[in-house]
Amino acid sequence: MAVHQEKKNSEERKHKSTQNDTQTSQVQWGRAWEVDWFSLASILFLLMFAPLIVYYFIMSCDQYQCSLFEPLLDLLTGKKHLSDIWNKTPTLTYRAAGIYTLWVAFQVVLYVFVPDFCHKFLPGYVGGIQEGAVTPAGVVNKYEINGLQAWIITHVLWFANAYYFHCFSPTIIFDNWIPLLWCANILGYAVSTFAMIKGYFFPTNATDCKFTGNFFYDYMMGIEFNPRIGKWFDFKLFFNGRPGIVAWTLINLSYAAKQQELYGQVTNSMILVNVLQGIYVLDFFWNEAWYLKTIDICHDHFGWYLGWGDCVWLPYLYTLQGLYLVYHPVQLGTANAIGILVLGLIGYYIFRMTNHQKDLFRRTNGNCKIWGKKPEYIECSYMSVDGTKYYSKLMTSGFWGWARHFNYTGDLMGSLAYCLACGFEHILPHFYIVYMTILLTHRCIRDEHRCFSKYGKDWKRYTAAVPYRLIPGIF
Ligand code: NDP
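Residues numbered from 1 in each chain as written. Predicted model: local features only at pLDDT ≥ 70, side-chain atom pairs only at ≥ 80, totals over all residues. Heavy atoms only, no water.

What surrounds the ligand is a group of 26 residues, the closest being Tyr318, Tyr408, Asp411, Asp447 and Tyr455. Tyrosine 280 has a polar side-chain atom sitting 2.9 Å from a nitrogen atom of the ligand. Contact with the protein chains hides 92% of the accessible area of the ligand, taken as 920 Å² for the molecule alone. Listed by contribution, the elements that provide at least two residues to the shell around the ligand are helix 18 (334–363), strand 7 (388–395), helix 20 (406–420) and helix 21 (431–455). The dominant element in the shell around the ligand, judged by the number of residues it contributes, is helix 21, at eight residues. The residue inventory of the shell around the ligand, partitioned by class, reads 14 nonpolar, four polar and eight charged. (Near = heavy atom within 4 Å. Polar contact = N/O pair within 3.5 Å; in protein donor to acceptor, adjacent residues only side chain to side chain. Areas by Shrake-Rupley, 256 points an atom, 1.4 Å probe, with all protein chains shown as cover. Helix = DSSP H or I, 4+ residues; strand = E, 2+ residues; numbered from the N terminus. Nonpolar A, V, L, I, M, F, W, Y, C, P; charged D, E, K, R; others polar.)

Bringing the state of the cysteines into the picture now. On inspection of all chains with the given rule, the structure shows one disulfide. Residue cysteine 61 pairs covalently with cysteine 66 via a disulfide, S to S 2.4 Å. Its S-S torsion of approximately 110° makes the covalent link between cysteine 61 and cysteine 66 right-handed. Judged on exposure class, the residue cysteine 61 and its partner cysteine 66 are both buried. Of all cysteine sulfurs, the one in cysteine 298 lies closest to cysteine 209, which takes part in no disulfide; the gap is 17 Å. Cysteine 422 provides the cysteine sulfur closest to cysteine 419, a residue in no disulfide bond, and the two sulfurs are 6.9 Å apart. (Disulfide = S-S within 2.5 Å. Buried < 20%, exposed > 50% of the residue type's maximum accessible area, 1.4 Å probe, protein only.)

When a protein is soluble and globular, its nonpolar side chains tend to lie buried together. Counting 111 residues, the largest nonpolar core has Val54, Tyr100, Trp177, Phe239, Trp313, Tyr318 and Leu323 as the members making the most contacts within it. For this core, the leading source of residues is helix 12 (residues 235–263), giving twelve residues. Summarising the domain contributions, this core has at least three residues from each of domain 1 (90–331) and domain 2 (333–474). Once residues within four sequence positions are removed from consideration, tryptophan 313 is found in contact with Ala50, Ile53, Val54, Trp308, Tyr318, Phe431 and Tyr435. Formed by 17 residues, the second largest nonpolar core is a distinct cluster that contains Val134, Ile370, Cys380 and Leu394. (Core = buried A, V, L, I, M, F, W, Y, C linked by side-chain atoms within 4.5 Å. Domains from an automatic or database assignment. Contact = heavy atoms within 4.5 Å.)

Moving on: helix 20. Helix length check: helix 20, at 15 residues, gives a terminal C-alpha distance of 21 Å against a target of 21 Å (1.5 Å per residue), a fit within 8%. Burial runs high along helix 20: twelve of the 15 residues are buried. When we look at burial in helix 20, the residues that qualify are Phe406, Asn407, Tyr408, Thr409, Gly410, Asp411, Leu412, Gly414, Ser415, Ala417, Tyr418 and Cys419. Where helix 20 is buried, its residues meet helix 13 (268–286), helix 15 (295–298), helix 17 (320–327), helix 18, helix 19 (399–402) and helix 21. (Expected span 1.5 Å × (residues − 1).)

This is the structure in structure tokens:
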């Protein structure tokens, strides 16, 4: 129903532009044609060092009880050589390769062959076939939204195995964590390389491809906008959601099981991390249709950044708190535990409400109530490559009137809560908040650059009306 309404609205709002377009830059939105030296340097840095960073973090837990300084100290003082560390690192095993292949294959089956049934009985849940946003080439893709169902089936089977079938140990992920890292890397590199080749030779939609002429930029940031195999296998939706986010909660459960095995109990900090991150993951799947309208799907092309990032960076570095707690079980005092829980829940509330307000506003074309009042907004227009002019609105009410990215602020509060649950003995579990702060601040800048190219002077009117990005009055 909402989808039909949105389609109708969008049909009403678009019309073919007959003007000789004076705002050519607006037609380039979503396409960084010129690669500046800073972007190139950052990309080369990430391509070279991101896999090493992941290895370093995981290795330091495996060999140094999660100390990030000790390996460096050992190397600098000559106590150990790189080869000593490398020789102690578990290698790829047939067992890990088997587990990983089965895992990915199972998720592919759930994604491709099991149409969504959750939307048929869960009130308020939007699943089944849904439409994405208009791409720069003016295409509207259809998606089968069945991530919640995949998450539920996977977790039901996980618990059924843990409590009844005992086919494998619930600590299986932790026990094979480094061998699985090699498998995840193989998949991450394979899918990114395949996506690049596909972009050149058999793109899903040639008009939505972006070639900058710079090999490294194209490999990292992607060529194709929405690569697909067949009608429904969408790379972005699958890789972000399934090997990435479905795995997140399973990995945390495996860490909790390991704590139980090692210490005979699961600490309250481990429960907090499992619960807060579990809420975040479930929220993602409950709102998977909304995710179609977020930057990952709407604006980013599919390259190494998303392909390798979803297979390796996300499952390995977003779950560092749980991993750390296996090596350092932290039992928080009641006041601290409650404080962290409250911080996490408030952060989640802000994150969810801000995203919900924008979603509601866009779905109803502004015919809704935000905090009991009709929302205020700025009318804006943009153009797709074929010269079709579209109209849109930027809301200046609710949380969107407080700051331009208050959803990121809520996300950061939640991220801080996960880290605080681990105490302050080591910095490793605090990597996440540092990373999220850099990621989301960079994302603000990237998104605003894109929105400015898209909306031009209308975006300037919006930033004048809502002057702050993350924290009202400060930034
Ligand atoms: P947003 O959901 O904030 O989407 C930004 C887009 O929304 C803009 O490009 C613009 O798109 C539109 N928009 C901007 N301002 C307004 C407004 N005032 N009114 C209406 N529409 C507006 O960004 P993301 O996709 O980056 O993030 C979605 C969520 O995902 C966030 O809560 C973020 O915290 C989270 N996230 C989490 C990550 C993680 O690793 N855990 C990584 C990235 C994001 P348009 O072109 O349609 O106008």
